Amino acid sequence: MNNSPPYNAAKAEYFSSFLMDTLNKSALSFMLSIGHRSGLFDKMSEMDFATSAEIARVAQLNVRYVREWLGAMVTSGVVKYSSESKTYYLPKEHAAFVTRQAGVNNIAMAMQNAAVLGEVEDEILECFIKGGGVPYSKFHRFHEVMAEESGQIVLSSLETHILPLVPELTHQLKTGINMLDVGCGSGRVINKLASLYPESQFTGMDLSAEAIANGKEEAANLNLNNVEFIRKDLSDFDQTAPEAEYDFITTFDSIHDQGQPLLVLQGIYRALKKDGIYLMQDINGTSHLEEDKKHPLGTYLYTVSCMHCMTVSLAQNGEGLGAMWGEALTKDYLNRAGFTKIKTNQLAHDIINNWYVIRK
Ligand SMILES: C[S@@+](CC[C@H](N)C(=O)[O-])C[C@H]1O[C@@H](n2cnc3c(N)ncnc32)[C@H](O)[C@@H]1O
């Protein structure tokens, strides 16, 4: 028996328009990324209506490329165009979401991910056929973009929103505690904390040599002597974690990418002192498609998961949890690692993540 509904011409028409719109917008994401990276949005936000030659001169860029880019900006509606004077203008309401000055609201910054993921499309397609994963080493610019993203979402609100999730934390950091950031990437968060709280000691651990080198370089530039970076594969952290060493442990979007997330969490439990605090930022998916359909960035997050988070874990012969593993499974893993006191928080500026405060 065939249960499928009959062909509906109106639905087909609607779907073809949806695809055309998607084609336009997926192309636009590259142009938005270039607008961000080249500084064009930043420069245009300071200008009145101007010709392409004037914009190129101020941005110190090639005019032919700038004019073509402006074509995409005008046809998409991002930039206003006067056909009389042949001049272009970035409205203030748009600048509020595409410039560095916009800080946490700069959505153009995240558009860089399209190019980062696009670069591994061949390898991902091969995995669709053969299974396995694509390792970090294949992702050109991943750690650079990740550090920028982390700067925008985490650093910008570290003192105002994130540390206050644990009321006693600021006082403890001032007095002097031992903190570990697991899967620290380029280490921008601990470098910032190390400069804010000289009485405390900070350690960052990560698999990536490139990210660890970035962290060390920044720490040296800031003349920090209370931070250390350790390159380490944390897949055996349940065995290798130092016993009851740290008062405060963090993971910023790094658990679901691990090869062995449960063993890493068990290591965190072991490394945390009694009454210590573990702060975990992780994606607020649900693992249930009917729920994830309501997430404003659901499609984006499943795409990033398929082409990055899941695949880098599978490349380590790991679990490949995927970014959307969600709150229920996160709590289940935390319980299995030994944690029972878990509070889930959300921050208004960060619609992508949950912020779990976990006490030992
Ligand atoms: C999404 S990034 C987050 C980086 C950083 N916490 C941030 O917010 O910018 C995930 C990090 O987990 C690290 N990672 C993945 N698997 C790992 C493993 N087996 N051992 C240690 N680190 C690992 C990656 O190198 C990467 O830096």
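Residues numbered from 1 in each chain as written. Predicted model: local features only at pLDDT ≥ 70, side-chain atom pairs only at ≥ 80, totals over all residues. Heavy atoms only, no water.

Draft legend 1. Structural context of the side chain of Q281. Locating Q281 in the fold gives a position in strand β7 (residues 272-283). Residue classification places Q281 among the buried residues on the basis of a relative accessible area of 3%. Setting aside anything within four residues of it in sequence, one finds Q281 in contact with I153, V154, T251, F252, D253, S254, D350, N353, N354 and W355. (Helix = DSSP H or I, 4+ residues; strand = E, 2+ residues; numbered from the N terminus. Buried < 20%, exposed > 50% of the residue type's maximum accessible area, 1.4 Å probe, protein only. Contact = heavy atoms within 4.5 Å.)

Draft legend 2. How the structure looks around the nonpolar core. Ranked by internal contacts, the top residues of the largest apolar core, which has 31 residues, are V154, L158, L193, F202, V227 and W355. Looking at this core, the elements that each hand over two or more residues are α10 (158-162), α11 (169-175), α12 (188-196), α13 (209-221), β5 (227-231), β6 (246-252), β7 and β9 (350-359). Ranked by residue count, the leading element in this core is α12, at 4 residues. Contacts of L158, omitting those with residues within four sequence positions, involve L163, P164, V189, K192 and L193. Among the nonpolar cores identified, the runner-up in size contains 25 residues, and L234, A241, L265 and Y333 belong to it. (Core = buried A, V, L, I, M, F, W, Y, C linked by side-chain atoms within 4.5 Å.)

Draft legend 3. Region of interest: the packing of aromatic side chains. One pass over the structure, following the stated rule, counts 9 aromatic pairs. Seen from their ring centres, F49 and Y89 are 4.9 Å apart, and the 25 degrees between their planes marks the pair as stacked. Of this pair, F49 sits in the loop between α2 (40-44) and α3 (52-59) while Y89 is found in strand β2 (residues 87-89), placing the two residues 40 residues apart along the sequence. Of the residues examined, Y89 reaches a relative accessible area of 17% and is grouped as buried. Between Y136 and F142 the ring centres are 5.7 Å apart and the planes differ by 50 degrees, which places this aromatic pair in the tilted class. Residue classification places Y136 among the partly exposed positions, given a relative accessible area of 23%. An aromatic cluster is built from Y269, Y278 and F339, whose rings are joined through pairwise contacts. Above the ring of Y333, the side-chain terminus of R336 is found at 5.0 Å from the ring centroid. The ring centre of Y269 lies 4.4 Å from the NZ or CZ of K360, which sits over that ring. (Phe/Tyr/Trp six-rings, centres within 6.5 Å; stacked < 30°, edge-to-face > 60°. Lys NZ or Arg CZ within 6 Å of the ring centre and 35° of its normal.)

Draft legend 4. Summary view of the pairing of β5. Inspection of the sheet shows strand β4 (residues 201-206) paired to β5 by 5 bridges, in the parallel sense. Bridged to M205 within β5 is I230. Handedness of the crossover joining β4 and β5 through α13 is recorded here as right-handed. (Pairing = 2+ DSSP bridges. Right-handed = clockwise from strand over helix to strand, strands pointing away.)

Draft legend 5. Representation of the packing of helix α15 (residues 261-271) against helix α18 (residues 326-337) in the model. Two elements in contact, α15 and α18, have axes separated by 8 Å at closest approach and are oriented at 50 degrees. Regarding the angle of α15 to α18, the classification is oblique. Judged by the sense of rotation from one axis to the other, the crossing of α15 with α18 is right-handed. Along its contact with α15, which presents P261, L262, L265, Q266 and Y269, the element α18 presents Y333, L334, R336 and A337. Grouping the amino acids of the contact of α15 with α18 by side-chain chemistry returns 7 nonpolar, 1 polar and 1 charged. (Axes fitted to C-alpha atoms, helices over the stretch in contact; angles between N-to-C directions. Parallel < 35°, antiparallel > 145°, perpendicular 65-115°, else oblique. Left-handed = near helix turned anticlockwise from the far one by under 90°. Nonpolar A, V, L, I, M, F, W, Y, C, P; charged D, E, K, R; others polar.)

Draft legend 6. Spotlight on the domain arrangement of the protein chain. Taken as a whole, the protein chain is organised into domain 1 (9-108) and domain 2 (116-359). Distance between the C-alpha centres of domain 1 and domain 2: 33 Å. The interface is formed by 6 residues belonging to domain 1 together with 6 residues belonging to domain 2. Both sides together, the interface formed by domain 1 and domain 2 hides about 460 Å², and carbon and sulfur atoms give 40% of it. The interface formed by domain 1 and domain 2 contains 0 salt bridges. Our count for the contact surface shared by domain 1 and domain 2 stands at 4 residue pairs in polar contact (both at pLDDT 80 or more). (Domains from an automatic or database assignment. Buried area = accessible area lost by both parts, 1.4 Å probe. Salt bridge = Lys/Arg side-chain N within 4 Å of Asp/Glu carboxyl O. Polar contact = N/O pair within 3.5 Å; in protein donor to acceptor, adjacent residues only side chain to side chain.)

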